[in-house]
Amino acid sequence: MQTPVTIPVPVLRLPRGPDGFSRGFAPDGRRAPLRPEVPEIQECPIAQESLESQEQRARAALRERYLRSLLAMVGHQVSFTLHEGVRVAAHFGATDLDVANFYVSQLQTPIGVQAEALLRCSDIISYTFKP
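An account of the accompanying structure is given in this report.

About the criteria used
- Residues numbered from 1 in each chain as written.
- Predicted model: local features only at pLDDT ≥ 70, side-chain atom pairs only at ≥ 80, totals over all residues.
- Heavy atoms only, no water.
- Phe/Tyr/Trp six-rings, centres within 6.5 Å; stacked < 30°, edge-to-face > 60°.
- Helix = DSSP H or I, 4+ residues; strand = E, 2+ residues; numbered from the N terminus.
- Buried < 20%, exposed > 50% of the residue type's maximum accessible area, 1.4 Å probe, protein only.
- Salt bridge = Lys/Arg side-chain N within 4 Å of Asp/Glu carboxyl O.
- Core = buried A, V, L, I, M, F, W, Y, C linked by side-chain atoms within 4.5 Å.
- Contact = heavy atoms within 4.5 Å.

This part is about the packing of aromatic side chains. Scanning the entire structure with this criterion turns up four aromatic pairs. Both rings, one in Phe 80 and one in Phe 102, keep their centres 6.1 Å apart while their planes meet at 45 degrees; by these two values the pair is tilted. With Phe 80 in strand β1 (residues 77-82) and Phe 102 in strand β3 (residues 101-109), this residue pair connects regions lying 22 residues apart in the sequence. Judged on exposure class, the residue Phe 80 and its partner Phe 102 are both buried. For the pair Phe 102 and Tyr 127, a centre-to-centre distance of 6.2 Å together with 85 degrees between the ring planes defines the contact as edge-to-face. Of this pair, Phe 102 sits in strand β3 while Tyr 127 is found in strand β5 (residues 124-129), placing the two residues 25 residues apart along the sequence.

Take a look at the structure:
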C-alpha cells in the first residue's frame, strides 16, 4: 500500500502585505512584473482539478506514512526531542484519535523515570525509533 510521494507539498510563508494584515504583495506593486506569466492551461478547470487531485494524493500518502510509523512504534523504545532540546525516551503505547497525545510508559526524563505518562504532540519536535 505504500506508494512513493512523487510531488512534495510546497509550503511558502509570505511577508506581510502592504495593508499590514494580509500576506503577499500588492498586485500593482513593484514586484508584480517579476511574476511569470501564467500559462493558459492552468486556467482550464480540468488542469486545476488534476493539480488539486495530485496534491490531495500527496497529502494522503504522507498521512498514511505517518500513521504507519505510529503503528510501527507500538511496544518499542522511542526517543523524543522536545522543546528547549530536552530529550526523553519511553516505550510507546498508543495515541488518541486526534493524534494530539501519545501514551507512553517507562518515560525516562532528565529528573527521573515516570511509570506512565501522556506526551502532548504539540510539545514534540521529533521522534526516532528502531523497529
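Applying the stated criterion across every chain, the model contains three salt bridges. A salt bridge links Arg 59 to Glu 55, with the nearest nitrogen and oxygen atoms 3.9 Å apart. Separated by four residues within a single helix, Arg 59 and Glu 55 lie in helix α1 (residues 45-73), roughly one turn from each other. Take Arg 59: its relative accessible area is 42%, and that puts it in the partly exposed class. Residue classification places Glu 55 among the partly exposed positions, given a relative accessible area of 27%. Glu 64 is the partner of Arg 68 in a salt bridge, and the nearest nitrogen-oxygen pair spans 2.9 Å. Note that Arg 68 and Glu 64 are positioned in helix α1 at a spacing of four residues, about one turn of the helix. Judged by its relative accessible area of 25%, Glu 64 falls in the partly exposed class.

Now for the nonpolar core. Among the nonpolar cores identified, the biggest contains 16 residues, and Phe 80, Phe 92, Phe 102, Val 104, Leu 107 and Leu 119 are the most heavily contacted of them. Contributions of two or more residues to this core are made by α1, β1, β2 (87-95), β3 and β4 (112-120). The residues touching Leu 107, leaving out its near neighbours within four places in the chain, are Val 88, Ala 89, Ala 90, Gly 112, Val 113, Gln 114, Ala 117 and Leu 119.

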